[in-house]
Amino acid sequence: MTLNTEQNNALPDSTIPAATKIPEHVAIIMDGNGRWAENRGSPRITGHKAGVETVRGVIQACAEKGVKVLTLFAFSSENWRRPKQEVSLLMALFLAALQREVKKLHKNGVQLRIIGDVSAFNEKIQTQIKKSEELTKNNTKLVLNIAANYGGQWDITEAVKSLAKQVKSGDLEAEDITADLISQNLSMNDLPEPDLFIRTGGEQRISNFLIWQLAYSELYFTDTLWPDFDRQAFEAALTSFSGRQRRFGHTGEQIEKMKNA
Ligand code: IPE
Ligand code: IPE
Ligand code: MG
């Protein structure tokens, strides 16, 4: 049998090297720092520190692979429930990481944004956040969202409040509220929704992360603890993503037709 060019063009997606389908937006729950440290008989903060190194590697990998948006869950609105000492060490680490990394991020074309209710942080952290966002705001290589004091329920509540105010002032009719309008009032409303969601650390839950924006994301769970989530582990997640067919409610056959159209 001879294979002409026309048949070549019609080859199914699976024959294209896996790594060619790169997600535009990757969102990650970086979990397992505490257990990583406990496994070594070290204090939990050691795991959080090691986790910062992993963040560096993943940012670099995203930039190299052509991922345009990376969203990292650093501190949830529920993490205040942890022992006081762990919370204050996490705050100190967050501030130090911002101070230390922002220049390098800027040099590498990374636009840094913090999503979440930052008003709960101390003044020093809030000032550093403003400075970092201002410095990097025109960068286009990669948008890095750090979710800090973030909760998906908080995000939706804020959107609802803002829409309710518009209804009250007469600028909006309640009947005109659509899913799109809610999306437009959420964090990251100017960015594409996550294509790929990763949670490390073995738990299979969302933990009040991006509950609205993950509606159609591909979910990837791994037992690897965050400090061990190296380049190879990240690439395994990308490979898993590239082998999936996203249907958005259509049938598989419809998707194939659209691709070949
Ligand atoms: C994730 O690691 C980091 C934060 C929540 C700040 P954990 O601290 O939750 O690690 P485990 O789940 O206890 O191992
Ligand atoms: C989610 O991890 C929050 C972050 C990674 C920042 P947790 O470890 O706090 O989640 P739960 O409490 O086990 O669900
Ligand atoms: Mg955890």
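Data block above holds the structure.
Just so it is clear, the structure is predicted and the values come from calculations on it, not from any experiment.

(A) Highlighting the site of ligand 2. Taken together, the neighbourhood of ligand 2 is formed by Ile29, Met30, Asp31, Phe73, Ala74, Phe75, Ser76, Asn79, Arg82, Arg199, Arg205 and Ser207. A distance of 2.9 Å separates an oxygen atom of ligand 2 from a polar side-chain atom of Asn79. Arg82 has a polar side-chain atom sitting 3.2 Å from an oxygen atom of ligand 2. Starting from 390 Å² of accessible surface for ligand 2 in isolation, the protein chains cover 78%. Ranked by the residues each element gives to the shell around ligand 2, the list is headed by strand β2 (residues 69-76), at 4 residues. Considering only residue class, the shell around ligand 2 consists of 5 nonpolar, 3 polar and 4 charged.

(B) Quick peek at the environment of Ile129. Its location among the elements puts Ile129 in helix α5 (residues 123-136). It is 11 Å that separates the C-alpha atoms of Ile129 and Ala97, two residues lying 32 residues apart in sequence. For Ile129, the contacting residues outside a window of four places in its chain are Phe94, Leu98, Ile114, Val118 and Phe121.

(C) Representation of the site of ligand 1 in the model. In the region of ligand 1, the neighbouring residues are Met30, Asp31, Gly32, Asn33, Gly34, Arg35, Arg44, His48, Ala74, Asn79, Arg82 and Leu90. Gly34 places a polar main-chain atom, nitrogen or oxygen, 2.9 Å from an oxygen atom of ligand 1. Taking Arg82, its side chain carries an N or O atom lying 2.7 Å from an oxygen atom of ligand 1. Its free accessible area being 380 Å², ligand 1 has 87% of it covered by the protein chains. If you list the elements that add at least two residues to the shell around ligand 1, you get α2 (33-39) and α3 (44-65). The biggest single contributor to the shell around ligand 1 is α2, with 3 residues. Its residues assigned to classes, the shell around ligand 1 comprises 3 nonpolar, 5 polar and 4 charged.

Calculation rules
Sequence positions are assigned chain by chain, starting from 1 and proceeding in written order. The order in which chains are written sets their letters, starting at A; the order in which ligands are written sets their numbers, starting at 1. Where local features are concerned, this predicted model is filtered to residues with pLDDT of at least 70; where side-chain atom pairs are given and counted, the filter is 80 or more; whole-chain, interface and lining totals use all residues. No hydrogens and no water enter the side-chain calculation; it runs on all heavy atoms of the structure. For this description, a residue counts as near a given molecule or strand if any of its non-hydrogen atoms is within 4 Å of it. For this analysis, a polar contact is any N or O atom pair within 3.5 Å, provided that within protein one partner can donate a hydrogen and the other can accept it, and provided that sequence-adjacent residues contribute only side-chain to side-chain pairs. Calculation of accessible area relied on Shrake-Rupley with a 1.4 Å probe; when residues are assessed, cover is drawn exclusively from the protein chains displayed. Under the scheme used here, helices are H or I runs from DSSP no shorter than 4 residues and strands are E runs no shorter than 2 residues, and both carry numbers assigned from the N terminus. The residue classification treats Ala, Val, Leu, Ile, Met, Phe, Trp, Tyr, Cys and Pro as nonpolar and Asp, Glu, Lys and Arg as charged. All others, Gly included, are polar. Should any heavy atoms of two residues lie within 4.5 Å, those residues are considered in contact.

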